[in-house]
Amino acid sequence: MEVIFCLTTARSGTKYLTYLFKNNIKSCVSKHEPTPTMFGKPTYWYLVGKNDEIKKIFLKKVKKIHGYNTDVYIETNHAFLKSFSDISMEVFPDMKLIHLIRNPLKMAKSGLNRFKQIRKFHVPWEYKGDDGKKYMRWALTGKEEIFQNFNFDWEAVLQLIDESQIYQILLLQWIEIENRAMAFLDKYKKHGDCYTLQAPKDLNDVNVLREMFDFFNFELKQEEINLRGRKNKGAKPTIIAEEDKKQLGEIINKIPPRYLQIFQKKPYVDFEWGKLLSLT
């Protein structure tokens, strides 16, 4: 069985990617956020180094994966780099990967809109860490090193009082996750097993998708690429304002330069928005 996980953040088209595999690849089980999702406490455990606790939950996922009678299993969500990337290598060292990247400004604005929607309808969005404090279920904890140069009022963030803080937190999270993605590929020498997609453009380009399927040597169900599928659209359109760019500029001026070094190389320099993350 070929197993594929995603290197990505939230609001990058992972839901739709599930359908692209489901509708186009023979003998393929394609899941978005199957249980156990590995969100919530595993993210906290990743921070504090409780790998054994992560592994206990991950092995439940492994049992389900092995139970599928299929040639290809793909899981498309943003939990991989938040909690179980290193643990997964112990079980699936030959895994393949998709690096799904979206413009950080659009990702953060879409994420902000989604968080407001979740809070409005009282969707369960929090959990308690081992320290007894509340954390956002689908996000990093805020205690990661990248956040340390910022004096965020986390109580205000959790109560949705200050949207600008939430937006900056989402931008920082994007930078952290992209750094984790490149570190993972370097650490395990996985660059040759990873295909990079720019969201949403590449997800709607049949030529790019065909190239990706060929990269993985997957057999198609039909000659034409099927683009049908549900997209996890937000309640509001994602519109970028000058203030959003200013917020990113403030972050770039505060974080240590080492977090920006990856953006001076491929694949980021090939994106038209890559210059937003310049060191200069």
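This section reports on the structure supplied with the text.

A word on the nonpolar core
Counting residues in hydrophobic clusters, the biggest one holds 66 residues, and the most contacted among them are F5, L7, F80, L97 and I255. Ranked by the residues each element gives to this core, the list is headed by helix α7 (residues 163–187), at 13 residues. When residues no more than four places from it in sequence are discounted, the contact partners of I255 are I146, N149, F150, L172, I175 and L260. Membership of the second largest hydrophobic core comes to 24 residues, among which are C6, I25, V72 and F213.

Here we look at the environment of H66
With respect to the helices and strands, the residue H66 is situated in helix α3 (residues 51–66). For the pair H66 and F213, spaced 147 residues apart in sequence, the C-alpha separation works out to 22 Å. Apart from residues no more than four positions distant in its own chain, H66 is found in contact with V91 and F92.

Here we look at unusual backbone geometry
In this chain, T35 is followed by P36 through a cis amide linkage whose omega measures -10°. With respect to the element layout, P36 can be found in the loop between β2 (28–31) and α2 (41–48). At the junction of A199 and P200, the peptide bond is cis and its omega measures out at 0° in the coordinates. For P200, the location among the structural elements is in the loop between β7 (194–199) and α8 (206–215). Of note, K189 is a non-glycine position whose phi angle comes to about 55°, a positive value.

Observations concerning the pattern of salt bridges
In total, this model carries 16 salt bridges according to the counting rule given. R258 is paired through a salt bridge with E145; the nearest N and O atoms lie 2.6 Å apart. Of this pair, R258 sits in the segment after α9 (242–254) while E145 sits in the loop between β6 (134–136) and α6 (154–158); the two residues are 113 residues apart in sequence, bridging distant segments of the chain. Among the salt bridges present, the one from D270 reaches K266, with a minimum N-O distance of 2.9 Å. Taken together, the shared-partner salt bridges in this structure form one network comprising K41, K50 and D130.

Some words on the packing of helix α1 (residues 14–24) against α8
Where α1 meets α8, the closest approach of the two axes is 12 Å, and the angle between their N-to-C directions is 70°. In terms of orientation, α1 and α8 fall into the roughly perpendicular class. Between α1 and α8 the crossing geometry is right-handed. Of α8, the residues touching α1 (which contributes L20, F21 and N24) are L209, M212 and F213. In the contact of α1 with α8, the residues fall into five nonpolar, one polar and no charged.

What counts and what doesn't
Residues numbered from 1 in each chain as written. Predicted model: local features only at pLDDT ≥ 70, side-chain atom pairs only at ≥ 80, totals over all residues. Heavy atoms only, no water. Core = buried A, V, L, I, M, F, W, Y, C linked by side-chain atoms within 4.5 Å. Buried < 20%, exposed > 50% of the residue type's maximum accessible area, 1.4 Å probe, protein only. Helix = DSSP H or I, 4+ residues; strand = E, 2+ residues; numbered from the N terminus. Contact = heavy atoms within 4.5 Å. Salt bridge = Lys/Arg side-chain N within 4 Å of Asp/Glu carboxyl O. Axes fitted to C-alpha atoms, helices over the stretch in contact; angles between N-to-C directions. Parallel < 35°, antiparallel > 145°, perpendicular 65-115°, else oblique. Left-handed = near helix turned anticlockwise from the far one by under 90°. Nonpolar A, V, L, I, M, F, W, Y, C, P; charged D, E, K, R; others polar.

So yeah, pure geometry; function would need other evidence.
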